[in-house]
Amino acid sequence: LLGVLSEGSIYDLTNDPQSQAVFGWERVEQYCVYDIDKTTSGWLSISTLNESKAIISGTFEFVTITPGCDTLSVADGRFDLLYAN
């Protein structure tokens with residue numbers, strides 16, 4: 001998958017089959033899964049992709065809706081990850 005990602009690119013989380021947003025939320029009184037097909041808008045931006053050090057970082061935001069649950073809006077999200085290829 002990393003071969004299709006590139007530093008400085010922005011990926012649409014609603015119309016690209018390779019880019020997806022999934023979120024789970026569990027409370028005692030309610031269990032909500034915000035699945036890929038329920039993401040109504042969103043994007044992910046890769047700011048750093050260093051394959052020799054296995055580092056990827058960037059920002060993201062998305063809105064997702066599950067019937068019977070709250071609408072979930074994530075803004076100003078950030079990630080910094082080490083990955084294994």
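Use the structure listed above.
Computed from a prediction, not measured in an experiment: that's the story for all the values here. (Residues numbered from 1 in each chain as written. Predicted model: local features only at pLDDT ≥ 70, side-chain atom pairs only at ≥ 80, totals over all residues. Heavy atoms only, no water.)

This part covers the overall build of the chain. Secondary structure assignment for the chain yields 0 helices and 6 strands. Going residue by residue from the N terminus, the α and β elements of the chain occur as β-β-β-β-β-β. Looking at the 85 residues of the chain, the share that counts as buried comes to 29%. (Helix = DSSP H or I, 4+ residues; strand = E, 2+ residues; numbered from the N terminus. Buried < 20%, exposed > 50% of the residue type's maximum accessible area, 1.4 Å probe, protein only.)

Let us now look at unusual backbone geometry. In the Ramachandran plot, A54 falls in the positive-phi region, its phi being about 55 degrees despite a non-glycine side chain. Looking at the element boundaries, A54 is found in the loop between β4 (39-50) and β5 (55-64). In this structure, D76 is a non-glycine residue whose phi angle is positive, near 60 degrees. Its place among the elements puts D76 in strand β6 (residues 72-82). We classify D76 as exposed; its relative accessible area is 76%.

To continue, consider the environment of G68. Take G68: it is sitting in the loop between β5 and β6. C-alpha separation for the pair G68 and C32, spaced 36 residues apart in sequence, amounts to 8.3 Å.

Attention now goes to the side chain of S45. Inspection of the secondary structure assignment puts S45 in strand β4. Not counting residues up to four positions away in its chain, the partners in contact with S45 are S9, I10, S57, G58, T59 and F79. (Contact = heavy atoms within 4.5 Å.)

We now examine the packing of aromatic side chains. The tally for this structure, following the rule as stated, stands at 2 aromatic pairs. With a centroid separation of 6.3 Å and 20 degrees between ring planes, the pair formed by F60 and F62 is classed as stacked. Looking at F62, the relative accessible area reads 7%, which means it is buried. Here the aromatic rings of F60 and F79 are separated by 6.3 Å at their centres, their planes lie at 35 degrees, and the arrangement is tilted. Of this pair, F60 sits in strand β5 while F79 sits in strand β6, and the two are 19 residues apart along the sequence. Classification of F79 by relative accessible area gives buried; the value is 14%. An aromatic cluster of at least three residues, connected via ring pairs, comprises F60, F62 and F79. (Phe/Tyr/Trp six-rings, centres within 6.5 Å; stacked < 30°, edge-to-face > 60°.)

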